[in-house]
Each structure stands twice: as structure tokens, then as C-alpha cells.
Amino acid sequence: MRAPLSAAARAQFRTTIRCSVFATTNLPDLMSGTRLRSLGRLVASLLVAAPAALVAQQPADAQANVSGVVLNDANGAPIPGVAIAVKGTSRGAMTSDDGRFNIIVGSLQDTLVARRIGFAQVTVPLDGRSTVEIRLHATAVALSEVVTVGYGTQKRSDITGAVGSLSAEKIAEKPTANVTQALEGQMAGVNVTTTGAGAESQMSIRIRGRASITASASPLVIVDGLPYEGSLSEIDPNDIASLEVLKDASSTAIYGSRAANGVILVTTRRGKAGGPPRITYSSYAGTQHIANLPRPMSGAEFAQFKCDRLSGGTNCATVLTATEQANVDAGTYTDWLGLATRTGDQMQHNLSVSGSQGGASYYVGGSYLDANGVARGDDFKRYLLRGNLDIKLRDWLTLGTSTNLVYSDRSGMADDFSAAYFMNPLTNAYDANGNLTLYPWSEDVFWGNPLANSLVVDDNTTKRIFSSNYALVTIPWVKGLTYRLNVGGDVARNEVGNFWGRNTQTGFSNGGQALTSTSARTNWTAENILRYTRTFGPHSIDFTGLFSAEGQNYTVSSLRTDGLPNDVLTYHQPGTALFYFPDESVTERRLRSTMARANYNYNDRYLATVTERRDCASVFTAGNKCALFPAIAAGWNISNEAFYPFRNWVNLLKLRTSYGSSGNQGITPYSTLPQMDSYPYVNNGATAPGYRPISLGQSNLRWETTNALDAGLDFGIRNDRVRGTIDVYSRWTRDLLLNQLIPPQYGVTHIVNNVGRTKNTGAELELSSLNARVRGVEWRSDFNISYNRNRIVSLLSNGNDRGNQWFIGMPIDVNYGYKFDGIFQDAAEIAASAQKTAKPGDVRILDANGDGKIDANDQTFIGSTEPKYIAGFTNSLTWKGVQLSAQLQSVQGITRSNDLMGSNLVQAGVRRNTIPHEYWTPENHTNSYPANNETSNPLSVPFYEDASFIRLRDVTLAWNLPDAYTSRIGADRLKVYLTGRNLWTKTGWHGLDPELDAQRSIPLEKTYVGGLTVTF
Amino acid sequence: MINMRLNGRVLVVLAIPLLAGIAACGKDFLVEDPKNIITAENLYTNLAGFDAGLNAIYAQVRREHQGRSGTNELFQEPFILGTDIGYANYVSTTERIFNEWGIRNNSTADVYNDLWLWLYQIINASNTIVGRAENPAIAWSATDKNRVLGEARLLRAWAYRHLVYSFGPVPLMLEESTGDNIRYDWQRTPVAEIRAQMEQDLLFAEANLPLVPPNDGRVGKAVAEHYLAELYLAMGDPVKADTMASRVINSGVYSLVTARYGVKRSQPGVPFMDQFENGNVDRSQGNTEVLWAFLYAKGIPGGGASIMRRYWANRYYNNKGVAVSEENGGRGIGRMTPTRWSLGIYEPTDDRGSYFAIRKFYLYNDSLNLPAGKKLGDTLKTRILARQKINDALWPTTRKWDYTDPTDINGDEGYKDEPYLRLADTYLLLAEAQLKEGRPDLAAPTINIVRARSNASAITAADVTLDFILDERAREFMGEEERRETLIRTGTLLPRIRAYNDTASKTIVERDTIFPIPQSVIDANTGRVMEQNPGY
């Protein structure tokens, strides 16, 4: 008798069963949905229909039998998968795993054609032979590369999705401290922006525009199979073997929930089996110079400006304070920016050894980076040790690790550029004793010394272990079945100690202030991957199943203390403080996933991929935690078809298409809870604890989902002399997770909500070509351009949402506000305008709705903040061992407000400096900038500019020394190079830099670097 | 071929992840368990939790004397600038609105958005308490519960009072906000309906709050009665206003300060100003007049920081030879300044117009920058010009907010407690009620109680007019009173600005007598057009 189960118990039982089964395989779960069944049918039909179609082409009238083998001419290894065709007929065959083939020919005088992607095509007249040996020469073509894809690798030729790839050689071409820099301008659809300059620059990566505008518009970064958080500057570019960018839904769907913004896969170097130990030393050193720094006014200019603004240029003596007047009288002034900057420098040393011994192969690398930026005090040191090991313990068991130990030292506080920009030049940086003044302007003590950061004690170090480990089991019972366990952890601890002594404004007013904080991140991942790879005749199958779990814990604890007895013990005296302000935060998130993927390849011609991933994330409420992300893709290597006629011209032609979905769970943990904020009061001089509502509970929050359709074409022309890729795509995002403004009468301004749908459409082109080879000189070009258009399709409200600045049909992120419409020149113009009380010289605001008055309804669009086009163009000339290459990068179609142009930033009474402007005057009727007074721009209308630019990102001259020289020092290879970065920029932008977020911040650097790489 | 030992090992290796997988399958693996986050669910479970909720509201209310952004943008500004008693001497973006009105006074100005949000934050916090107090699982006495409800409802009424005076009809929110009850089709509730709710809330508070609160930072019965008196005046019911104001005056607990007391009693001074001295503000420090004070403490969480002195003190240090000092009143930035008219309405004998209440001179104290002919300790007199001007470092100002942290002369923050509501105010509300009741004969003696304390001459019933009472309020509450709201209540804003504020008189129009509904409110109301106030 079976006891009846309650519904709840049955559900519980199902969960338990599923979980235990999924620990090793997740098939049943994935196959449970009807959607899966239909996908399954699709795979089945592909499996059956494709070969059936081809069988029809097999010849019937046999006359002679020819057998042979195809070998790699470099090492004599057999090459499987080579298509053998009888010239002039439709007969064909394919080499087997051992490179052998059999083919039926009409006569032994026929000619065979052997071709395989990655090898030069060979024509072999039989000349009566019935057995032949064909040797193929590998062409250095991307399509023969093995590229990393999610949870595995694939041959480039087998890939069905849109995957960009950057090899170690490309990365090594330019010396970079940060891997992200290596991506700049290199791939279509990948927009790398320097959002903050400095010794450790801040960079953002956007793949195919912006689908969502939550905090996580950034792609998912996977390093050696594990999710990576934080700055990529904690990875040594020298250690990287390849960088892949997954762009379309098919390739990203296997990362499901976090892949909606694309995925970047970083693979580090490993030892190669069989080779001798290889020792590489590389080093570079260079200097950094400010690329562009708009100049604030000098002392004399400032005095005149202040006088003009406050007294109409008449009564200058009355407007200056004593300190200012003294400087004017003495003819002195302070160049605050000059004092805050320096010539930067950077150097890096890297030593690595790789090789193999017995069953173990290894890559061990260590490096030291020391960068000192152009801003005084902006220093970054990185010590890094990497050990990558693979040990084959048994035939069926391999263990391995990729472990990165990092010690980063960010100590030192960069000078405050914003303060230096604004600081009155007619004040004094130093006192009579040569010490920094506490208050440079004694009449206006609001302003501390902008250079005071150099007096602040700032210790800031991070220790990090990032370790990805695996065990690979070749299951002995089933041929082609492997099981892989990945277990990894990322443990980082950042410790900051700050002290503001009494020689700083902060320290002076608080009797010394100390701040210590420790943040600890612990991320772990466990993945079970079952893989089955088999080739049956022309059919190749590659099945991957995954069950994984991830956890993240981030804890920050800090202590601020005020009122410290002395400045000597800096922050090491918390016990003696008068006032204590401790704080702590803990955030945790979890993710559980199952995934299955099947790749099918028929004869290197027909390719199909089916993927399904199910993710469950802790950040959503019960009932909304899980989501399914299916994808399907197909590829057709047209040029591998026997009937393909244009082989001589277009040696490679491949069509790809994919459709699928990926998700975004980029909300902060606890977003769905009604959180309260500590907001205490005071009672009899003691704290009275208080809490106020700061966020609203949300029971319905769901995953954001992006469905994407991609179609791509890969081609090679004239034996890969020109190689290219074209992709077009559309991405539809629904349930967009946005921080939405709600009616403020709720007492809370924002709520994370699923607010609507967006669409991205775009096109990408990548071209590489060998343009010319004349007398030993090779000229190669790499070009990429991409276009992306983003628009909002629908919103929660039926129409536009002006409060959030979301407008149907417009990009998600637009500039919106009052628009500058020139300058009023005379009374007649004013009388005819919407600003009747204006004066000549005042800013004219665009009366956008033409109703004759200026109000909130006149706010309007002023361009998109996302680029329309991005492009990269690299040219290189090689002659013998010498290579000269230059990279241009272009970003077009961005509009931004240039804050340096603001006309009211000097504050009433002129307390701040600004850059010189051409003001409207009764004599100078400019139409671009208002009169120099406090009322000429009543609504502080910003000044928008086109932030498009073309930049000479990188120029490198490298010399690979000839063997004759290298052998003298016993080296295999020796390369020396010189590089310049950011040498030239063309832009209409008048601020600090069109790329940087803040225009009063550390400026972008021109960098000159010289380096060498030697391999033994 | 495949040996059994190998198979055994493979099985063992395969079993490890199986176990790991099961760990991740635990029922709670995906359940969020915040470790250091308070939510409404785990806070409002006992009396202490509700008191913590109230403390946060008091800390919010105190922001009226704090900055909207750090030590900038004093929340009090919109209630005083651009009235008959206040103008902005040194201006930034917000202050220009109230000096110049015109195009600057529009719905996108930050000040209105901030004002709206601040008051509704208080309302939502109060609503949360009011709603959750009905949870039957809470074990507390009826007295405790009603006291909590009384405070929460009084503070809610306080916020609606500001809202109605500032914006007119506004959405009436009485329930806790949650992510699941968000609407985008709000309408403005008529003022009468909001006032009816305020009356209920204040009457409940009056019935359930203790006569004297546990400290001056919290509200008691008298505060409820005071605001009821004002509400009834606004509603045109002077009889009830009279009753309520009289209850406060006759409570036997509060009385005007009429004699010197406290920390500076042995130094020259006047009784009127003693109640503003650091160390004198609280009832426990001898102040009999304070109904409600804002409390501060330096260097502790919740201690807060006032910027009243920063905003009210002038930039006298722009005068050569005069540097920031405690004696000179501490460091101010002169954003808020008494109008020319309001400085000229004192009899010579009136303590409220004396040097102790209004800055008449500064001391030369900067030896390095002394002007020719001056020596340390000489005085630099302030003066009142024929017309107000801006950027005037010699314009007089009130001394009520003078305070300097002795360890930080240049500091922006103030830590002395501040009177927020005083019994003198209740007296003048009573006088107004008496006048409205047609009894100027009763109003005159009421006003004289306030005047006598400051040595102003006695008036007679014939002197009592609404304008006189408003003038008296200006004399008594310079820098304290939410003046704009008084003038709106009495319907006198426009004429009095035109008559008494040189800076704003030319540009103020009828439209400016009510603030625009913030554009953020209109824009977020995507489901229905929310009506803007006329003229904007």
C-alpha cells in the first residue's frame, strides 16, 4: 500500500530527488519542461535531417578506390576532419581521427582536393596512385584556434555564437597594467571607456550597448572558470593566455542569470606538456604626462574676473579680500593644479616559468608593478604570484589549479583635483616656513588646502587569493564521458587606515580624525560538469551538463574616531579617542544553477548548439527566485561544402545564427525587504536609537530577461588574406530591473522595479587583412566598427515617464533638461521671447513647447549618453623582426554636459576659480556664453557638447632580435619595444577629456613606455 | 579491462560532489538572512522598537535647523526667506529664488522637491508606527500604546501643517508605504479634509500625551494644544483656538522667562535672550518657557548638527581686521538676514532689539589686517541702509543662534540645543484668537504679558490689530518663527512682502504665495495628471 502524500510533502520529495540527482546530472530537471521537449525535438530533427540530406549526395558509380592519410606538414601528426573532394565531381570524404580516408574516384588520373579550416588548401593529382599521403600546411588563421567558451573550449570553426577573441600575442603587443586596457578598440561591440584616470585607471566595459541601467550594466567576468569581482587590475596581463568576449545569447545563455550584459572569459597561461621549461622575463618602464588639462584662470585673470563680475570692472579694490589683494600687489599667485600634479612613472617586472615534468605541467609567474600617476599621491603597487598546475595522476584522473596571490598597495591619497580646480589662485599654498597652510585663504576658512591630502596618512592594502581548482575524471565505462569538478574561491581582504592630523582642515576641526576600515570578500563556487564528446563518422556530439552553486559574502567594518590626543600615533590609537563612530555591513548572496548544452557538428559543415540554464538566486523573493534561460544556435560552414564554388576567392564562408535568453539579477541583496536605516536622536547627551524606513518591501520582483537574436557571417578571402566577421543583432530586454523614481509622497524616492522593455539593435564588422607584402615588408590592418541603437519599447506607465527621464522610443539614458538657446543680444529680442524679464547677455532658454513661458515643460532631450558608433583601427608594418603598429579608436555620437563650462560655479561673491570664458559684453556680442554676472544664467542651464572623439590610443615599435643576437645570450627570443599611449586626440569636447566621467579629476595620461621580453 | 579498484576510486571521487551538491540543496540555501539590517518586521515588536521609530522622526523634524545637503541648504530657508522679515544677504541658488522669484521660482527647483520628500518621510514613518501599533501580538499597556500613537499622530499632523501651508492641497497619505501599494494616479486632497485629519490626530495626542514630556526634545500635551490653537485659527474657529491656547497657558507647567537665569546670569544680558544660551535651553536647565526644543550633542550618533548660526550669522570677517571669533558670534555665511523693516520695529527700551538680541557691532581682532587707525578691541558698527542690499558684511542679524564650538572656531556645525516652540508663541496665538473673537480688550493684556518681559511699552485695546500682532510676532520670533506660514494663515503674505521686503517686493506676484508642486511629484504621477498650482 502506498501512503498518500500531502501536496507539500510531494513537492518536498520532488525537490529532494531533483537535488540529489542534479548533484551529478541535471538532465531530468532540464527535460521536465515542455519547452525542453520542444528543444529536444529540434535537436533530434537536426540530428536526423541534416545527415539524411547529405546522404542523398553520395555517389553510386564507383570506378576506383583511393585511400590515404592527411598529415600536418609541421609535425607529421594526422589531421582528422579534412574534407577530401574529387575535383570536378561532387564526390567527397572526410578524414577520420587518425587522419585516414577512403574515397572512390572515377579514374586514378583524377585530382583530389584536400581542405580544412586552418590549413591551406592542397590539390593532389593522383597520377595513377591509389594510396596517397597529403601534407597540409597550417595557416595562422583565427578559425583554427581553439577558443574558450563557457564551461569548455571549442574550435573557432565549430562555434555557432558571436565570440570575440584576443590572443596572448595581441595582449602582449602593448604593455598594459590592466587587462581591460588590452581590450580597448580591439573588438567590435566592446566599448571600453576610461571613466577615471590615474595610476590605477577606472575602466568600464559595455558589450553591445546597454540593455539595463541597473548597477550591473557591466559584463560578467569569468577568470579560469570562476566569476571574478572587482578590478581586473589585480590580474597580470602577462599571465593571460586568451581573452574571449561572449556577445550573443547562445554563448552567454550558459551563464544564464548574469549574462545579459555579455561575458568576458579570461584564461590564464598553463604549462604545455612535453616541452622544456620555458623562462620568460619581461619588463617595462615609462613615464606619464598629462594629456590635456584645461587651464583655470591665473591670479591676474582671476582678479580681473572677480572685479568685472562683482563691481562691473570699476571698483576693483573693494571686491578683493586682504589675502587676495596682497597677492595681487606682490604679483604672485598659486597654480594649484601645477602643485597637485607631477610627471608620473610606471614600471613592471614579470618572471615566469612554464613547462612539464612527469605527468605535471606548470606555469609559475610572479610580477611587480609600481605605478605613480600624474596626480601627486596617486600610487599603486602590485605584487603578484601565480601558480597554474595540471597533474595527471592516473589515466582517468587529472587535478589542476589556477591560483593567483595578490598584494595590492594603494596607499597614498591623490590630491583633490576638484578642490585644486576650484581654489582661488590668489591664496597661499605654503606658509612662511614652507609648510602647507591650513587655510590658504584666511578670510574664507571654508576652504581647506587642496593639497592637504598629501598630509593625510593613508595606508590601503589588499590581499587576495583567487583560486580555481579542478578534478577531471575520465569515466572509464563510457567512451567520451568525463566528469569535472571545479571548486574555487576568491578571498580578498582590504584594509584601510587613514589619519587626518591637526595640520589638515578635517583634523583641525575634529581634534584629529582617524578612519580604519576592513572589508572582506569571500566568494566560493562549486561546479559539477559532466561532458560527453563523441564522434560517430561525420557526426560529432558534445554534451555538457552542469550543476553548480555559488555564494558571496561581503563584510565591511569601519571605525571613525574623532578627538585623538596626538598626531604621532596616527590611526593606531583608537582607545584614546573622544568620539567613536563604528559601522558594519554584511551582504550575502547565493546562486544555484543547472545547465545543459548540446553541440552537434556534422562533417564540419553543419553546426548546432542547444542550451538551457536554470538559475535560482537568493536576491529575489520566494516564488520568483528561479528562471529558465534557453538558447539555440546553428552554423553552416558553407565553404566546407563540396559544391562550394568560390573557394579560390572566398576560401572561408560561414553563417551563424542564434536566439536565446539570458538574465540579470544585478540588484543588491535585501532589495526586496522593507529596510530601515539607523537614524538616531539624542536624549540627555546620549544616543537615543532610532530607525526610519528607507526602502519598501517588494514581493513581486522578477528576473530581468534579455532575448537576443544574432546572425553572423565569418569569411576569409584569398586564402585568408582578408578575414572578417559581420554580425547583426537585436536584443529585447523585458522586466527591466531599474531603480525607479516613485511618487515622493511615499517617503521613499526609489524602488527597484521591473519597469518595462527595451530593445537594442546593432551591427558589427571586424576585418583583418594583409594589405601588402613587398620586399619583406608586411602591412596588416585590423579594423572593427560597431553600431548600437538602444530604445525603450514600453514602460510600466502607459506613456513616457518624465520623472525618470524614460521616454518611449528614446535611449534609456538621455540628457534631458533645459536647453541653452544662445544669448539675448538686445531688448527687442527679449521682448519677443519667453523671458520678458531677461537682460541682454542673459542665457536664452529654449522654449521647447513654444508656449511663451519657460517652465518644467520646456525640458527636452539633448542627445544620447551612449555612443552610436565605436570603432578601432590598427595598422602594423613588419620588416624582418621590426614591427611598427598604431591603433586608432573612435567613439561617436555621445553628448554630455561639460561641467567646466558652468557659468555659476564660482559661487556668489566669486569664491571659486574657473576656466577662462569668452563672456558676452555690450561690446562683444557672442552668442555662446552669457555675460559675466551672477544672474545671467538664472536656471543654471548646462552647456552640452559632443563628446565624440578619435584617439591615437597606442603606437608601438617593437624589435624581435635576430637569432644571431639572441643565441649569444642563450635566449630563444628577445623583444624590445617602445610604446606611446594616448598621444593624440581629436574631439570637439572642451573639458578635461571626453571619456572621463568627472571633468575635475585626475587627467588622462600620455604614456611613454620602453620594455623588453626575453625567453629562454 | 576495467579493473574494479579503479571503478571504486572513480566512484569515491564522484561521490564528493554529490555530497557538495546536496549541501547547496538545503532548503534555506536561497533564503536571504540579513545579519545587520533592521526591517519594519523585526523593529515594531515591542515598546522599545516603537520608541526607536519615534526617535527617528524627531531626528527628522530636527532637520528644520539642519542642512538639506550636509551643512548647506538650511531647511528653514523657505519658511523665512522672501517674507516680510527675511531676505538672503549672501545668495546661492536656493536663496536667489526667494530674493528674485520670477523664472527661478519653478517646479524644478530642488528646494521644493526636498521639502516635499522630507515631510512625507516623516509622514510615512508616522504612518508605519500608527499602522503597526495595532498588531495584537505586541505586549504593551494601553497607556504606552496611546502615548506612542499620540506622538506619531502629532508629528504626522506637524508634517501636514508644513505641507498645506507650503503647497496647499496635497495627497493625504495615512498608510505605511510598501512596494506593493504603489500608485501613480494620486490626486490632491482638499485642505479642509487634511485639516480635519490633523485635528483628529492632534486631539488624540492631546488626550494621550503626558503634560510634560520626558525631555524637551519630545512632544507633550502642550505642543498638541498649541498646534490645535493654530489649526483652529487657520480653520476660522477662534473660540476653539482660544480654548486650546488657554489650556497651555493655564497648564501650570509653563511660564515666560522674566528674570535672568542660567549660565550667563552674572554677565550683562536680558532675560529674553537667556533661553537661547548654550546650557540654558532645556527645562531641566531652568527654562520655563520652552514647549519643544531641538536637542543636539557633539560627537555621538544621533547628536546631529545645527547650521542655524552658519546661516544666520553674517560674513563680518569680510571686513578687514575682523576675524571669526566666539565673541563675534562664530562663523556665519549670511545666507539668512533680517529685512530692513524688521530691524526697525523696536522701541529703544525693547530687550528684543537690544545689542544682546541683535548684532550691533563687531570687535577688531585680526592684528595682521587692521585698517589704518584701528586697534585691537575697537568696534566695527553694523548699520541699516536705506534699502537692503546683498553681499553686505555690515548688515545686522539676530544673535539667537550664536554659538561656537570652542574647539573648532571655524566649524560649520552647532551643538547647542535650540528652542523650537515657546510659550510666548502660544500667548500671541491666544491674542490673535481673542482679536478674532472681537475681544481686543482681552488681546491687549495677553500681548502685554509678552511685551512686558522685554521691557516694551504696554499697549491698549485700540492698538490691537492683526498687523500689530504680526509685527509683535516679528519682534518676538526673529529667526524662529516659520513666518511664511503665519502670513499665509492670516492671508497677509503678499501685501506684507510688498510693503516690507526691499529685495523681493518688486518681483513677487500672486503666484508666489504658494509654492509649486515639485515637478518630481507631477512627473512620477504617470497615471493621472496632478494639478499644478496656478501660474506655474
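The structure displayed is predicted, hence computed values, not measured ones.

The rules behind these values
- Residues numbered from 1 in each chain as written.
- Chains lettered and ligands numbered in written order.
- Predicted model: local features only at pLDDT ≥ 70, side-chain atom pairs only at ≥ 80, totals over all residues.
- Heavy atoms only, no water.
- Helix = DSSP H or I, 4+ residues; strand = E, 2+ residues; numbered from the N terminus.
- Rg over C-alpha atoms; globule rule 2.2 N^0.38 Å.
- Buried < 20%, exposed > 50% of the residue type's maximum accessible area, 1.4 Å probe, protein only.
- Contact = heavy atoms within 4.5 Å.
- Areas by Shrake-Rupley, 256 points an atom, 1.4 Å probe, with all protein chains shown as cover.
- Lys, Arg positive; Asp, Glu negative; His and termini not counted.
- Charge placed at Lys NZ, Arg CZ, Asp CG, Glu CD.
- Axes fitted to C-alpha atoms, helices over the stretch in contact; angles between N-to-C directions.
- Parallel < 35°, antiparallel > 145°, perpendicular 65-115°, else oblique.
- Left-handed = near helix turned anticlockwise from the far one by under 90°.
- Nonpolar A, V, L, I, M, F, W, Y, C, P; charged D, E, K, R; others polar.
- Buried area = accessible area lost by both parts, 1.4 Å probe.
- Salt bridge = Lys/Arg side-chain N within 4 Å of Asp/Glu carboxyl O.
- Polar contact = N/O pair within 3.5 Å; in protein donor to acceptor, adjacent residues only side chain to side chain.
- Pairing = 2+ DSSP bridges.
- Expected span 1.5 Å × (residues − 1).

Enquirer: An account of the overall build of chain A is requested, with residue identities and associated values reported.
Expert: Along chain A, the regular secondary structure elements total 14 helices and 50 strands. Its C-alpha radius of gyration of 33 Å places chain A within 12% of the 31 Å reference for a compact globule of 1016 residues. If one aligns the C-alpha atoms of chain A with their principal axes, the spans along those axes are about 110 × 90 × 65 Å. When each of the 1016 residues of chain A is scored for burial, the buried share is 56%. For chain A, the share of sequence-separated contacts (at least 6 apart) that also reach a separation of at least 24 residues comes to 68%. Just so you have it, chain A exposes about 40200 Å², and 57% of that area is on carbon and sulfur atoms. Taken together, the 93 basic and 89 acidic charged side chains of chain A have centroids lying 9 Å from each other.

Enquirer: Summarise the packing of helix 7 (residues 142-167) of chain B against helix 8 (residues 191-208) of chain B; cite the residues concerned and give the values.
Expert: In helix packing, the relevant descriptors are the interaxial angle and the interaxial distance, both defined with respect to the helix axes. Residue and element names in this part refer to chain B. Running from N to C, helix 7 and helix 8 point in directions that differ by 150 degrees, and their axes come no closer than 8 Å. Comparing their axes, helix 8 and helix 7 come out roughly antiparallel. Seen from above, helix 7 lies across helix 8 with left-handed handedness. Residues Asn 146, Arg 147, Leu 149, Gly 150, Arg 153, Leu 154, Arg 156, Ala 157, Tyr 160, Arg 161, Val 164 and Tyr 165 of helix 7 lie in contact with helix 8, whose contacting residues are Val 191, Ile 194, Arg 195, Gln 197, Met 198, Gln 200, Asp 201, Leu 202, Phe 204, Ala 205 and Asn 208. In the contact of helix 7 with helix 8, the residues fall into 12 nonpolar, five polar and six charged.

Enquirer: Give a description of the interface of chain A and chain B that names residues and reports values.
Expert: Listed by partner, the interface residues are 99 residues for chain A and 100 residues for chain B. Across the interface of chain A and chain B, roughly 8300 Å² is buried in total on both sides, 61% from carbon and sulfur atoms. The largest per-residue losses of area from chain A upon contact with chain B belong to Tyr681(A), Gln745(A) and Tyr746(A), which jointly make up 11% of the total buried on that side. Here chain A is connected to chain B by four salt bridges. One salt bridge in this structure joins Arg331(B) and Asp444(A), with 3.4 Å as the shortest N-O distance. On the surface where chain A and chain B come into contact, there are 28 residue pairs in polar contact (both at pLDDT 80 or more). Broken down by element, the residue count for the side of chain A that touches chain B peaks at 10 residues, all from strand 26 (residues 579-602) of chain A. Taken together, the residues that form the side of chain A that touches chain B break down as 55 nonpolar, 28 polar and 16 charged. Pairing geometry for strand 30 (residues 675-678) of chain A and strand 1 (residues 38-39) of chain B, over two bridges, is antiparallel.

Enquirer: So, the side chain of Arg410(A): which residues are in play, and what are the values?
Expert: Residues and elements named next belong to chain A. Inspection of the secondary structure assignment puts Arg 410 in the loop between strand 21 (397-409) and helix 11 (417-422). Residue classification places Arg 410 among the buried residues on the basis of a relative accessible area of 18%. Polar side-chain contacts of Arg 410 include one of 2.7 Å to the side chain of Glu 200. Side-chain polar atoms of Arg 410 contact the side chain of Thr 462, separated by 3.4 Å. When neighbours within four sequence positions are excluded, Arg 410 is seen to be in contact with Glu 200, Ser 233, Glu 234, Asp 379, Phe 380, Asp 458, Asn 460 and Thr 462.

Enquirer: Explain helix 9 (residues 221-234) of chain B residue by residue, including any values.
Expert: Residue and element names in this part refer to chain B. In this model, helix 9 (14 residues) spans 20 Å end to end at C-alpha, consistent with the 20 Å of a helix rising 1.5 Å per residue. Extensive coverage of helix 9 is indicated by the burial of 12 of its 14 residues. Along helix 9, the residues that are buried comprise Ala 222, Val 223, Ala 224, Glu 225, His 226, Tyr 227, Leu 228, Ala 229, Glu 230, Leu 231, Tyr 232 and Leu 233. Following helix 9 by one or two positions, Gly 236 has its phi on the positive side, about 80 degrees.

Enquirer: Outline the pairing of strand 27 (residues 606-617) of chain A, supporting the account with residue identities and numerical values.
Expert: Residue and element names in this part refer to chain A. Counting buried positions over the 12 residues of strand 27 gives 10, a clear majority of the element. As paired strands, strand 26 and strand 27 are joined by 12 bridges and run antiparallel to one another. Across the sheet, the residue bridging to Arg 597 is Thr 611, located in strand 27. The antiparallel hairpin formed by strand 26 and strand 27 contains three residues in its connecting segment, where Asn 603 sits at a positive phi of about 55 degrees. One ladder, built from 11 bridges, connects strand 27 with strand 28 (residues 626-637); its direction is antiparallel. Bridge assignment links Arg 613 to a residue of strand 28, and that residue is Phe 629.

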